[in-house]
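Remarks on the overall topology
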Amino acid sequence: MRLRAGTLTTALLLTAAANAVAQADTATTPQPPRFSWDPNDPRVGLTAGWVDAASAVRGLEHVASIPRPDGFFNPATPDDRRFFNSDLAFRGTRLYQGNYQGFQVFDISNPSAPDLLVSVLCPGGQGDVSVWGDLVVVSAQETRGRLDCGLDGVADSISAERLQGIRIFDLSNVQRPRQVAAVQACRGSHTHTLVTDPDDPANLYVYIQGTSGVRPPEEMPGCSGADPGDDPNTSRFRIEVVRVPLDAPERAEVVSMPRIFSDPTTGSIAGLWGGGDHGPGTQRTSATSACHDITAFPDIGLAGGACSGNGILLDISDPVNPVRVGEVMDPNFAYWHSATFNNDGTKVIFTDEWGGGTAPRCRASDPPTWGANAIFTRTGSDLQLAGYYKLPVPQTETENCVAHNGSLIPVPGRDIMVQAWYQGGLSVMDFTDPANPFEIAFFDRGALSQEMLFTGGFWSTYWYNGRIYGAEISRGVDVFRLTPSQHLSEAEIAAAELVRFEQFNAQLQPRFTWPAAAPVARAYLDQMVRSGRIVTARANELDALLDRVERGGVPGAELRQAASRIDADVAAIRAGTLGGDADRLERMAEVLRGIAR
């Protein structure tokens, strides 16, 4: 093509104008914040390996590694999905480890040397576990799951032998586990949540969160994968509630299918986020048609639901009929995955499983607000975004990494959570100030491979009775203990270790309470000294007093007098005539009075 001079000039001007418009659009399009990290972080550059990867640790002692038992791994590869480890649950001195092939039970009476008690082969995929007394509830999601736990799977597309839902085992004799119930669900059970009702101690409730495709009605009558506009009875846009009679668990059955995503104004059962992005520079967020995880917190009568395209709050005062009372969206989220409340229920952490857990989403090029935690403050049913937290060190292209499962650590006076990040390892986060969360401890291994991306790393990391247990997808279970650091004192760790539970399921969140003991009082003191929020003379006085308490020789009257002096400080702080931390001082005075009693 030949252009006259004037035409060429016009073309160049049009090109320049188009470039200028493009640059202006880029300048005005909201851009996610850039990721930054400490270049000297010991997690950078760890060598790879399945059983011999290098590791880095800070603020923790790695006290044990439990290998996977025979029958629960493929020795030829770490990437055989049939054998992935999944979630953890705890009761007494036992740890329950879920696996896509079934589950194992370990004796952790000595956390540094766990013993395998029993392995239960029962394929079905996912294998998330919960425990209540002698009952173990296991999620089954994949089409290979059989009602009889058979190892040969189900070949037919329609089969009466298939199970997708939950299994219930009786482990009253741990050496002879018995499957006592199997509850079918139209979308299987990706995860499940135990829910208790203080007014109904005879029954346990299980919320089934199904995320798979809907089963054909020829296999399970009543199932429908249709859009709501075509079938108001669609099996999508709901959860299933199972009632388990504790004296007859074999009678477990679905008792309701709540439409927790409905629009109260229009009545549409698909009333929340419809899918898609939120505008330029935002994530593409999944449509809200199912919950991935629901965390029940019965002490406050609420549950937090991470439901693909939304975070929601549920009123669970009637467990059979949970009611949505609040919801939030976030343009930085791809897939709302899990929820955790702080101990007083005034904050909720929602996680984003951007990439589905199998992709590298913690690279230096990935925004720190994508695949991260979003921390919301809660007032009633209102949730307000306060801040984000993401693993603060980059991972490689061959490491699947994104925010995943964790739990609170019971340090009094602080909000602290330990969390799994798949091949990003585990990270212990302080979110007491939700706008400025920060890392206080970590453990990480090198990639499973430097050449290929294999799915692995920590599925979940939970605190239970003084230790952190991490479910490693491809390697087994790791056990850790916190160690003192600039961010966490010996007394704070000792106070956390005073909190004991008979059983623990992360999706049935308990409330922590602390005994009146010297480590609890000293934990508050350490926090005030660390932050410069206590008068030095008062800090020195209390330090000396607690030294004597720990040696066992302080009269109750003297402790009450010290508490009264603290009361006076609290009043002065609240009157504005003295600087300091009134809330922690007040709690410390309560502890001193408790010790005196």
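For clarity, every value in this text was computed on a predicted model and none was experimentally measured.

Calculation rules
Residues numbered from 1 in each chain as written. Predicted model: local features only at pLDDT ≥ 70, side-chain atom pairs only at ≥ 80, totals over all residues. Heavy atoms only, no water. Helix = DSSP H or I, 4+ residues; strand = E, 2+ residues; numbered from the N terminus. Rg over C-alpha atoms; globule rule 2.2 N^0.38 Å. Buried < 20%, exposed > 50% of the residue type's maximum accessible area, 1.4 Å probe, protein only. Contact = heavy atoms within 4.5 Å. Areas by Shrake-Rupley, 256 points an atom, 1.4 Å probe, with all protein chains shown as cover. Lys, Arg positive; Asp, Glu negative; His and termini not counted. Charge placed at Lys NZ, Arg CZ, Asp CG, Glu CD. Disulfide = S-S within 2.5 Å. Core = buried A, V, L, I, M, F, W, Y, C linked by side-chain atoms within 4.5 Å. Axes fitted to C-alpha atoms, helices over the stretch in contact; angles between N-to-C directions. Left-handed = near helix turned anticlockwise from the far one by under 90°. Nonpolar A, V, L, I, M, F, W, Y, C, P; charged D, E, K, R; others polar. Domains from an automatic or database assignment. Buried area = accessible area lost by both parts, 1.4 Å probe. Polar contact = N/O pair within 3.5 Å; in protein donor to acceptor, adjacent residues only side chain to side chain. Phe/Tyr/Trp six-rings, centres within 6.5 Å; stacked < 30°, edge-to-face > 60°. Lys NZ or Arg CZ within 6 Å of the ring centre and 35° of its normal. Pairing = 2+ DSSP bridges. Salt bridge = Lys/Arg side-chain N within 4 Å of Asp/Glu carboxyl O.

Let's talk about the overall build of the protein
A count of helical and extended segments in the protein gives six helices and 32 strands. Taken over C-alpha atoms, the radius of gyration comes to 26 Å for the protein, in line with the 25 Å a tight globule of 597 residues would show. For the protein, the spread of C-alpha atoms along the principal axes amounts to about 90 × 80 × 55 Å. Going through the 597 residues of the protein one by one, you find that 58% of them count as buried. Considering only intrachain contacts with a sequence separation of at least 6, the fraction spanning at least 24 residues in the protein is 60%. Of the accessible surface of the protein, which amounts to about 24,000 Å², a share of 50% is contributed by carbon and sulfur atoms. Between the averaged position of the 50 positive side-chain charges in the protein and that of its 70 negative side-chain charges there is a distance of 2 Å.

Observations concerning the state of the cysteines
Inspection of every chain in the model, using the stated rule, returns four disulfides. Through a disulfide, Cys291 is tied to Cys307; the S-S separation comes to 2.0 Å. Because the torsion about its S-S bond is 70 degrees, the bridge between Cys291 and Cys307 counts as right-handed. Separated by 16 residues along the polypeptide, Cys291 in the loop between β16 (284–285) and β17 (293–297) and Cys307 in strand β18 (residues 302–307) bring together distant segments of the chain.

Describing the nonpolar core
One finds Ile168, Val242, Val244, Phe261 and Ile312 to be the most contacted residues of the largest nonpolar core, which totals 35 residues. Contacts of Ile168, omitting those with residues within four sequence positions, involve Leu135, Val136, Val137, Arg178, Gln179, Val180, Ala181, Val244, Pro249 and Ala252. If you look at the next biggest cluster of nonpolar residues, it comprises 28 residues, including Ile534, Val549, Leu559 and Ala563.

As for the side chain of Ser235
Within the secondary structure, Ser235 is located in the loop between β12 (203–209) and β13 (240–245). Using a relative accessible area of 2% as the deciding quantity, one classes Ser235 as buried. In this structure, Ser235 is in contact with Cys186, Arg187, Val214, Gly222, Cys223 and Ser224, ignoring residues within four places of it in sequence.

Re the packing of helix α2 (residues 490–497) against helix α3 (residues 518–531)
At a minimum axis separation of 8 Å, α2 and α3 run at an interaxial angle of 145 degrees. Read as a crossing pair, α2 and α3 show a hand that is left-handed. Contacts between α2 and α3 involve Ala491, Glu492, Ala494 and Ala495 from the former and Pro519, Val520, Arg522, Ala523, Asp526, Gln527 and Arg530 from the latter. The class makeup of the residues in the contact of α2 with α3 is six nonpolar, one polar and four charged.

With respect to the domain arrangement of the protein
Domains assigned within the protein are domain 1 (8–23 + 46–59 + 72–504) and domain 2 (518–596). Relative placement of domain 1 and domain 2: their C-alpha centres are 40 Å apart. With 14 residues of domain 1 at the contact, the number on the domain 2 side is ten residues. Summed over both partners, the interface of domain 1 with domain 2 buries about 790 Å², with 59% contributed by carbon and sulfur atoms. Interface area lost by domain 1 to domain 2 is led by Pro412, Gly413 and Ala491, which between them contribute 45%. Here domain 1 is connected to domain 2 by six residue pairs in polar contact (both at pLDDT 80 or more). A per-class count over the side of domain 1 that touches domain 2 returns seven nonpolar, five polar and two charged.

Some words on the packing of aromatic side chains
Enumeration according to the criterion identifies 20 aromatic pairs in this entry. Judged by centre distance (6.3 Å) and plane angle (85 degrees), the rings of Tyr100 and Trp459 are edge-to-face. Here the residue Tyr100 occupies a position in the loop between β4 (94–99) and β5 (102–107), and Trp459 occupies one in strand β29 (residues 458–464), the gap between them amounting to 359 residues. On the basis of relative accessibility, which here comes to 3%, the residue Tyr100 falls in the buried class. Trp459 gets classed as buried once you look at its relative accessible area, which sits at 8%. Aromatic ring contacts, followed pair by pair, group Phe90, Tyr462, Tyr464, Tyr469 and Phe504 into a single cluster. For the cation-ring pair, Arg43 lies above Phe442, with the distance from its terminal atom to the ring centre recorded as 3.6 Å. The cationic tip of Arg361 hangs over the ring face of Trp354; the distance from NZ or CZ to the ring centre is 4.7 Å.

Looking at α2
α2 sits mainly inside the fold: six of its eight residues count as buried. Residues of α2 that are buried: Ala491, Glu492, Ile493, Ala495, Ala496 and Glu497. Contact partners of the buried residues in α2: β25 (406–409), β29, β30 (467–472), β31 (476–482) and α3.

Description of the sheet that holds β30
With antiparallel pairing, the four strands of this open sheet are ordered in space as β2-β31-β30-β29. The open sheet has two edge strands, β2 (60–67) and β29, and neither has a second partner. Across the sheet, the axes of successive neighbouring strands diverge by a mean angle of 20 degrees, strand direction being ignored. Bridge count for β29 against β30 is six bridges, and the pairing is antiparallel. Of the residues in β30, the one forming a bridge with Trp463 is Ile468.

Structural notes on the pattern of salt bridges
Applying the stated criterion across every chain, the model contains 37 salt bridges. Arg82 serves as the salt-bridge partner of Asp80, at 2.6 Å between the closest nitrogen and oxygen. For Arg82, a relative accessible area of 45% translates into the label partly exposed. Residue Glu492 pairs with Arg530 through a salt bridge whose shortest N-O separation is 2.6 Å. Linking Glu492 in helix α2 with Arg530 in helix α3, this pair joins segments that are 38 residues apart in sequence. Here the residues in one salt-bridge network are Arg146, Asp148, Asp152 and Glu161, joined through shared partners.

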